[in-house]
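Coordinate analysis (summary)
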Amino acid sequence: MTDVIATNQTILVVGGGISGMTAALEAAECGKQVVLLEKNPSTGGRVSQLYKYFPKLCFPTCGLEINLRRLKANRNIRLLTMAEVEQVTGSPGDFTVTVRIRPRFVTEACTACGDCAKAVTSEFPNEFDYGMSQRKGAYLPHNLAYPSRYVLDARVAGTAEGQAAKAACKVGAIDLDQKEEVITLKAGAIIWATGWKPYDAAKIQPYGYDRFANVITSVEFERMLDPFGPTQGKIRRPSDGATPKNIAFIQCAGSRDRNHLKQCSRICCMATLKQTTYVREQLGDAAQSSVYYIDIRAIDRIDDFHRRVKEDPNVTFVKSKVASITRDKASNDLFLNGVNTEGYHRYSNRHDLVVLAVGMEPSVPAGTIPAQVRANPHGFIELDPATGIFGAGVSSEALDVNRAVQNATAAALRAIQVVNRVAGAEG
Amino acid sequence: MAEIKVGAYICKGCGLGERLNIAALEGTAKKAGKANVVRSHDFLCSQDGVALIQADINQEGVNRVMIAGCSRRAKTEAFNFDGVSISRANLREGVIWIRPDTADAKETTQDMAQDYVAMSCAEVRRMTPPTANDKAQLNRQVLVVGGGISGMTAALEIARAGYKATLVEKSAALGGWAGKLYRRVADRYPYADPQSNGVAELAAAIQAEPGITVRLNTLVARTDGAPGRFVVALASESGETVEETFGAIVQASGFNRYDLANLPEMGGGALPDVIDQAGLEALAVAANGGAIKRPSDGKEVTSVAFVQCAGQRSEKPGHLPYCSGFCCTTSIKQAMYFKDRNPDVDTVILYTDLRTPGVAGEDFYRSGQRKGVTFTKGVVSGVSQQGRGPVVAFHDEILNEDVNLDVDLVVLATGQVANAGVNIDIPPQADGQPAAGQPVSILNLGYRQGPDLPQLKHGFADSHFICFPYETRRTGIYTAGPVRRPMDIAQAQEDATGAALKAIQALENAGLGRAAHPRSGDLSFPSFRREGCTQCKRCTVECPFGAIDEDEQRYPQFNEARCRRCGTCMGACPVRVISFENYSVETVGQQVKAVEMPDEFSDKPRTRILVLACENDAYPALDMAGQNRIEYSPFVRIIPVRCLGSVNTIWITDALNSGYDGILLMGCQKGDNYQCHFVKGSEMAHYRMSKIGDTLKGMNLEVERVTTYEVAITDIQRIPALLNDYAATIEKIGLNPLKDF
């Protein structure tokens, strides 16, 4: 049974991505008690699946390592993984939160030696690679996964393979009898940092994501660059594994669109500009990138990154919302059809790989977040100190990493204000 | 002080017992490591194993714990003992996982493991559990510099958390630029209409808050000290100066208006009816809901053009190379001033990229479209006066034609110019005064490294780190709002709230003597042996955080609460008088010496390569190489260092003298896009190593024997390859000729 000490001076942080980790760490480093919940088996969230950050082109795992070190060193934080909030009742300074914890079937005794994975043969689509690769039924989600403990997939736990994994574990860390648990926690304030998910590209029917192998999303493209990812770091066409020569990036795929997400997701322009540098770095002059855009939103001092990319003769910008994509069956190449609004020229351009810069959708739909929270109809949480529940990061607005962290730091203070009032009231 | 008692604990789990000769490792710990207690255990990280160690601490008086097993990055929850120093010999990720399990490899693998055990014993013996600085002070008062909306917000948020704030404003009133706005952009759903600027409400809240002291007409005349004990002289207009102490500082000094005279081709500064956005706010305030009238003749404005990116996003001299981010929504808001009162007024926004991000931006943009604001993608070539009004000449990018647009009024959307004080990267004059043309200082820091915060780019005093926007190079001082990065009000208020947290955290840390990010919680601080110091000033100059001043006798004066514990000073010191309780020239130096050098009569391979690896990036990458069972040379001996900046050249020369054949330094990327967590550490190391060539020549050694690489945490495959290549290079140039002396 998971045992957690929490009081009405505890800050509960929901979500262990970069925003939630930041909020938890910043509050804990002010001396506050924090319980951090993550629904996945490990922390790190969406950014741990990225190859590089714009505009510095540095690696997200670098900051993740620092945050993990802070987390390991801080005794004020209790981390619960595979845990999701079921219900929130009460009021600021006195919340009761019901949390559902899925079984991992691997206890804290795990040393991450990997013996269980060797004993298991079944494979499943790898969530970390958006299903572009397979992983074992006993697995460490990724190289920097924390807690550094394996996970036994629930689909093998009850099988002979589960028994084999248990037999292989020399430390006795596999507990096949683990059951789903529901626990209740007290909390004085709640930080809701549940982040985002990529908009379901299949819903943008004219782009054929569900029909054409060589139409992929920006987050999938990102995974291709990871040397430990589905293509071992190589930019490849899914249809035939060939190296693409003429890549199209479609901006606002599902964003700024009444039929899909109304908002501008803010990050996608910079993400695409960044991805054109991947193409340049890996394929040099052997590949062209074309960016189809409405406005390039390279906001504030990172605009110079935009200028640098524009200087690359292999990157072309087309001001156009692409109307449709059709496929050449023989080659699996794609034709992008639309009108270039600069001069109103109709085009039908051939590309061998299309990357949809998909928008950010709140991970947790508006209807399922605690009723006390004030969310706008787009599903993002607005600030309302009276609720004692504070959005942090992308749960509050479409933000880039830097702004999400900044926002999460602010959320930590708002939560501290509530628990400090409780502490004051309790003397 | 209690007698040093080293307990060495060797784990047999995770295959260590099968792959290594544990008894021999125990012998190493006893003999070479001089451990007082030596034990091995099947699974040291199990409850039973941990209890074994704890029992020795409690009953045997063990106060230095050496754990040989997995990496120091693993099982940290289990190996978490209070009041003792801990070292970890990385036999799993660093030895058995990177070596093949073959008979051939057995001996070299065992040698590696034995060396690591000896090294970790040597290290832990020289470590002392850090005790907090006795100068630590808790001061719950925060100084907020700047009474605009960022500063007001910061002060209020600080007070609401139960701390005290002093809000200092140079002018006679709070509110800053926001206070001059007629309305601000909507910050609530449905993000449709301009709303009250909110300054009066904020001012009232500040007045009602007993935790806030407001000082108007006041400047910061001098700032000395460190977090927990900043001593600040506040000078009022009347000439009176008061001195107060603060725990931390938020600098919300905002931005300055861009000078329209820099845009003569746009009519800036020359044509009366060409104004900037601030000018339009003034007209709207004057109109107070009535018709907005143009400056030249007071005519009611019936047509207005907004020119976006005026003097921005441009490399031309006098222009701003960046996008200010707020101006697109501001122009939409200002167009609404006209449209909301009279839909017949023509409002045209001329833009190249309309930048209205997020939910808030895009909803507000759509609201502008609904209200009939015209958006035209066009590049403006000039504004001239023809007849009684201005004419805007632009190329319509959509219709691909040149257009001359007659309007009553032109609003140039100019950018924010950071008000960050003196650029300390420009060398001061001989008398110590800032160079000509430098703005006046905001903080007047009495620091050795200059009076204001370092600026990152384009004059903004921002963090360089994407993951850590509040990283500051002056501990305990945090910028917020447009002094940090161009931004709108909503972002500035968020930013101010975040900066308020960091200020509170800094003063709490200072109160306990704890380090700030990235070595959060570290209680050690540099100690300095004054009698050995030659006053060379390298430590004061090279500290990336400006933590070290000079006293009256020109000795370094360490300000512990400003220190980030990177050890760059320790690396800089030519006479090695700077050390930390848990990290010193000795803790590393003794590890270097603890490696066994097979002599000329040995039948073992004799190559030994010392690797000093940054613990933040290179070392985790090496661990992950192990995790993925990527093999590398058995001749390397890897020592993690806090930062490459902490590498003292004595380690290099000692290593060469004691027979290492090569030394590799692995640190983070340096330069403009540096990834060094301590800003300059990697760069300093490269610089210092570039100078070591002469030393090598003096020793008659090849330059390749000391090599520095920039690596990243993702170089999980590259680093092993680098190690192997380097081992091959050493093979080629041969063994260190000093080996057997």
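Residues numbered from 1 in each chain as written. Chains lettered and ligands numbered in written order. Predicted model: local features only at pLDDT ≥ 70, side-chain atom pairs only at ≥ 80, totals over all residues.

1. Focus on the overall build of chain A
Selection criterion: Helix and strand definitions here come from DSSP, where helices need a minimum of 4 consecutive H or I residues and strands a minimum of 2 consecutive E residues; each element is numbered from the N-terminal end. Each radius of gyration reported is based on C-alpha atoms, and the globular scaling rule is 2.2 Å times the count of residues to the power 0.38. Here exposure depends only on C-beta density: within 10 Å of a residue's C-beta, 20 or more other C-beta atoms make it buried, 12 or fewer make it exposed, and intermediate numbers make it partly exposed, the C-beta atoms being placed from the backbone. Once C-beta atoms have been placed from the backbone, residue pairs whose C-beta atoms lie within 7 Å are recorded as contacts.
Within chain A, the regular secondary structure consists of nine helices and 22 strands. Taken over C-alpha atoms, the radius of gyration comes to 23 Å for chain A, in line with the 22 Å a tight globule of 427 residues would show. Projected onto the principal axes, the alpha-carbon positions of chain A cover approximately 70 × 50 × 35 Å. Looking at chain A as a whole, 59% of its 427 residues qualify as buried. Taking all contacts inside chain A whose residues are at least 6 apart in sequence as the whole, residues at least 24 apart take part in 70%.

2. Details of the packing of helix α14 (residues 585–594) of chain B against helix α16 (residues 649–657) of chain B
Residue and element names in this part refer to chain B. Our working definition: Lines fitted to C-alpha atoms define the axes, with helix axes restricted to the stretch in contact, and inter-axis angles between N-to-C directions lie between 0 and 180 degrees. Geometric relationships in this document are graded by angle, where less than 35 degrees denotes roughly parallel, more than 145 denotes roughly antiparallel, 65 to 115 denotes roughly perpendicular, and other angles denote oblique. Crossing handedness is read from the near helix: turned anticlockwise from the far helix by less than a right angle, it gives a left-handed crossing, and turned clockwise, a right-handed one.
Interhelical geometry of α14 versus α16 gives an angle of 15° and a closest axis separation of 10 Å. Classified by the interaxial angle, the pair formed by α14 and α16 is roughly parallel. You can see that α14 and α16 cross each other, and the crossing is right-handed. Listed contacts from α16 to V585, V588, G589, V592 and K593 of α14 are I650, W651, D654 and A655.

3. Structural notes on the interface of chain B and chain A
In plain terms, the rule: Side-chain classes follow a simple rule in which Ala, Val, Leu, Ile, Met, Phe, Trp, Tyr, Cys and Pro form the nonpolar group, Asp, Glu, Lys and Arg form the charged group, and the remainder, Gly included, forms the polar group.
Taken residue by residue, the interface counts 71 residues in chain B and 66 residues in chain A. Considered class by class, the residues forming the side of chain B that touches chain A number 31 nonpolar, 24 polar and 16 charged.

4. With respect to unusual backbone geometry
Residues apart from glycine generally show negative phi values, whereas peptide bonds are mostly found in trans. Cis rather than trans, the peptide bond between A:F54 and A:P55 has omega equal to -10°. Here A:P55 shows up in the loop between β2 (34–38) and α2 (60–73). In this structure, B:C14 takes a positive phi of about 55° despite not being glycine. Among the structural elements, B:C14 can be located in the loop between β1 (6–11) and α1 (16–19). According to the C-beta neighbour criterion, B:C14 is buried, with 26 such atoms within 10 Å.

5. Here we look at the pairing of strand β4 (residues 85–90) of chain B
Sheet faces and side chains relate simply in a regular strand, where the side chains alternate between the two faces. Among the six residues in β4(B), six count as buried, and that is most of the element. In β4(B), alternate side chains face the same way, and those of B:S85, B:S87 and B:A89 on one face and B:I86, B:R88 and B:N90 on the other are all buried.

6. Section: helix α5 (residues 106–125) of chain B
Test applied: Helix span, expected: 1.5 Å multiplied by one less than the number of residues in the helix.
The end-to-end C-alpha distance of α5(B) is 29 Å, a good match for the 28 Å that 20 residues give at a rise of 1.5 Å each. Of all 20 residues making up α5(B), 16 are buried, and the element is well covered by its neighbours.

7. Concerning the pairing of strand β18 (residues 401–406) of chain B
Residues and elements named next belong to chain B. Selection criterion: When DSSP finds at least two bridges between two strands, those strands are taken to pair.
Judged from the six bridges that link them, strand β17 (residues 389–396) and β18 form a sheet pairing that is antiparallel. Considered in β18, the bridge of H395 is made with D402. Joining the antiparallel neighbours β17 and β18 is a turn of four residues, in which N400 adopts a positive phi near 55°.

8. Structural notes on the confidence of the model for chain B
Stated formally: Each residue carries a pLDDT score, the predictor's own confidence in it, on a scale running from 0 to 100.
Summarising the model, chain B shows a mean pLDDT of 96, and 100% of its residues fall at 70 or more. Here the complex is predicted with pTM 0.98, and the ipTM for its interfaces comes to 0.97.

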